[in-house]
Amino acid sequence: TVVLGLEGTAWNLSCALVDEEEVIAEESATYVPAKGGIHPREAAQHHAGHMAPVVGEVLDAARRDGIAIDAVAFSQGPGLGPCLRTVATAARALALRFGVPLVGVNHCIAHIEVGKWKTGAADPVVLYVSGGNSQVLALRRGRYRIFGETLDISVGNALDKFARQVGLPHPGGPKLEALAKSAKEYIPLPYVVKGMDLSFSGLSTAAAQAAKKYDLADVCSSFQETAFAMLVEVTERALAHAEKKEVLLVGGVGANSRLREMLNIMCEERGAQFFVPEMRFMGDNGSMIAYTGLVMLKAGVTTPLAESRVRPGYRTDEVEVVWK
Ligand code: ATP
Ligand code: FE2
């Protein structure tokens, strides 16, 4: 079975072709905002402008190898409305052109499924941290249940906002990580965990204030230590609650080596196994949509055209996980 997948919920337009074994082809085009954060309409224009060459490369690869496409999967949500609509329109056109089913994929679930596929994690507690989301999830009675999540902005968004306020370019996460390496001192910042939920917006503001008084490297490192300790605390509690033995880290912020180190220590102390997929499968990518589309298709799940409208607020726990 071969599925073509299209991702474009935010900054990355990406198209991929996968089968059960591997990624056959993947092509992407990255939107970089001229200034400030992601502008939804500009990002959508970027995706529309790059659609033909990005999809074209992948279709060329399929043609070259004589591969037939069995379905077209696309990220139906959550994400930025204009971006989602651009991607959905292209996906519908492709499915009609090839006469194959359409599969609408939940973007968050795709992060999880590709992570499981690429690491071999069987039934993990998932820490999903990105620019749009911060959630701790685990599969229970056929759904990815959200054990804890942010009450305001995501951790990636908090990092990016802080970075902008101190004059660093977008995305801020990688810049902060690099700066934090030369830190000498810990500066106390607000640590906010409420029950199983998190809040990052006060932390971001407080860090921007602190940057006026203290060394920037120290503030960057303290920001990371505080935010990541919050995430590790909730992940650890979910592990106990859900009675799982594995932790899987997914989403763009998962690229951070300090976060990985802290999670790894927690897992070792708890006798849990820690899994992180390769870098290329952490952030948004077409392969994760194609692969999730494939497992859904094989379980008999497809999306009729009439139900293919985009879902900007699509929640992870709305999806019935009927595949294995
Ligand atoms: P989603 O739609 O799933 O919310 P997204 O569109 O935000 O995802 P991702 O690629 O999953 O895209 O995540 C991007 C985020 O990851 C940005 O906020 C960026 O700053 C952050 N990030 C990337 N690398 C690092 C790093 N090394 N350390 C911390 N954060 C990072
Ligand atoms: Fe994402």
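Keep in mind the model is a prediction, meaning the values are calculated, not measured.

Enquirer: So, the pairing of strand E3 (residues 23-30): which residues are in play, and what are the values?
Expert: Judged from the 7 bridges that link them, strand E2 (residues 12-18) and E3 form a sheet pairing that is antiparallel. Residue pairing for E3: Leu17 is matched across the bridge by Ala25. Linking two consecutive strands that pair antiparallel, namely E2 and E3, is a turn of 4 residues.

Enquirer: Can you explain the packing of aromatic side chains? Please cite residues and give values.
Expert: Tallied over the entire structure, the rule returns 2 aromatic pairs. Ring geometry for Trp117 and Tyr291: centres 4.1 Å apart, planes at 5 degrees, overall stacked. You can see Trp117 sitting in helix H3 (residues 107-119) and its partner Tyr291 sitting in helix H9 (residues 286-298), a full 174 residues away along the chain. Considered together, Trp117 and Tyr291 belong to a single accessibility category, that of buried residues. Between Phe162 and Phe223 the ring centres are 5.3 Å apart and the planes differ by 45 degrees, which places this aromatic pair in the tilted class.

Enquirer: Go over the coordination of the iron ion (ligand 2), please, and point to the residues and values.
Expert: Looking at the iron ion (ligand 2), the protein donor atoms are His107 (NE2), His111 (NE2) and Asp284 (OD), and they sit 1.9 to 2.1 Å from it. All donors of the iron ion (ligand 2) come from a single chain, and their spacing in sequence reads H-x3-H-x172-D. One end of the pair, His107, is in helix H3; the other, Asp284, is in the loop between strand E12 (273-275) and H9, and 177 residues separate them in sequence. Using a relative accessible area of 4% as the deciding quantity, one classes His107 as buried. The exposure class of Asp284 is buried, given its relative accessible area of 10%.

Enquirer: Explain the pattern of salt bridges to me, and be specific about the residues and the numbers.
Expert: For the structure shown, the criterion picks out 12 salt bridges. A salt bridge links Asp123 to Lys244, with the nearest nitrogen and oxygen atoms 2.9 Å apart. Note that Asp123 is positioned in the loop between H3 and strand E6 (125-129) and Lys244 in the loop between helix H7 (216-242) and strand E11 (246-250), a separation of 121 residues in sequence. By relative accessible area, which is 34% here, Asp123 ends up partly exposed. Note on Lys244: relative accessible area 13%, which makes it buried. Across the pair Glu149 and Arg315 runs a salt bridge whose closest N-O atoms are separated by 3.4 Å. One end of the pair, Glu149, is in strand E8 (residues 143-149); the other, Arg315, is in the segment after H9, and 166 residues separate them in sequence. Judged by its relative accessible area of 34%, Arg315 falls in the partly exposed class. Salt bridges linked by common partners bring Glu149, Arg315 and Asp317 together as one network.

Enquirer: How would you summarise the packing of helix H4 (residues 155-165) against H7 if you had to cite specific residues and measurements?
Expert: Between H4 and H7, the shortest axis-to-axis distance is 11 Å and the interhelical angle comes to 170 degrees. As the angle between them shows, H4 and H7 are arranged roughly antiparallel. On H7, the residues touching Val155, Ala158, Leu159 and Phe162 of H4 are Leu216, Val219, Cys220, Phe223, Ala227 and Leu231. In the contact of H4 with H7, the residues fall into 10 nonpolar, no polar and no charged.

Enquirer: Give me the lowdown on the nonpolar core, citing residues and values where you can.
Expert: Ranked by size, the top nonpolar core spans 47 residues in total, and within it Phe200, Phe223, Leu231 and Leu259 carry the most contacts. Elements with a contribution of two residues or more to this core: E6, strand E7 (134-140), H4, helix H5 (172-180), helix H6 (201-213), H7, E11 and helix H8 (257-270). By residue number, the principal contributor to this core is H7, which donates 12 residues. Not counting residues within four places of it along the chain, the set of residues in contact with Leu259 comprises Leu127, Val129, Phe228, Leu231, Leu249, Val253 and Gly254.

Cut-offs used in this document
- Residues numbered from 1 in each chain as written.
- Chains lettered and ligands numbered in written order.
- Predicted model: local features only at pLDDT ≥ 70, side-chain atom pairs only at ≥ 80, totals over all residues.
- Heavy atoms only, no water.
- Pairing = 2+ DSSP bridges.
- Helix = DSSP H or I, 4+ residues; strand = E, 2+ residues; numbered from the N terminus.
- Phe/Tyr/Trp six-rings, centres within 6.5 Å; stacked < 30°, edge-to-face > 60°.
- Buried < 20%, exposed > 50% of the residue type's maximum accessible area, 1.4 Å probe, protein only.
- Donors = N, O, S within 2.8 Å, 3.2 Å for Na, K, Ca; no water.
- Salt bridge = Lys/Arg side-chain N within 4 Å of Asp/Glu carboxyl O.
- Axes fitted to C-alpha atoms, helices over the stretch in contact; angles between N-to-C directions.
- Parallel < 35°, antiparallel > 145°, perpendicular 65-115°, else oblique.
- Contact = heavy atoms within 4.5 Å.
- Nonpolar A, V, L, I, M, F, W, Y, C, P; charged D, E, K, R; others polar.
- Core = buried A, V, L, I, M, F, W, Y, C linked by side-chain atoms within 4.5 Å.

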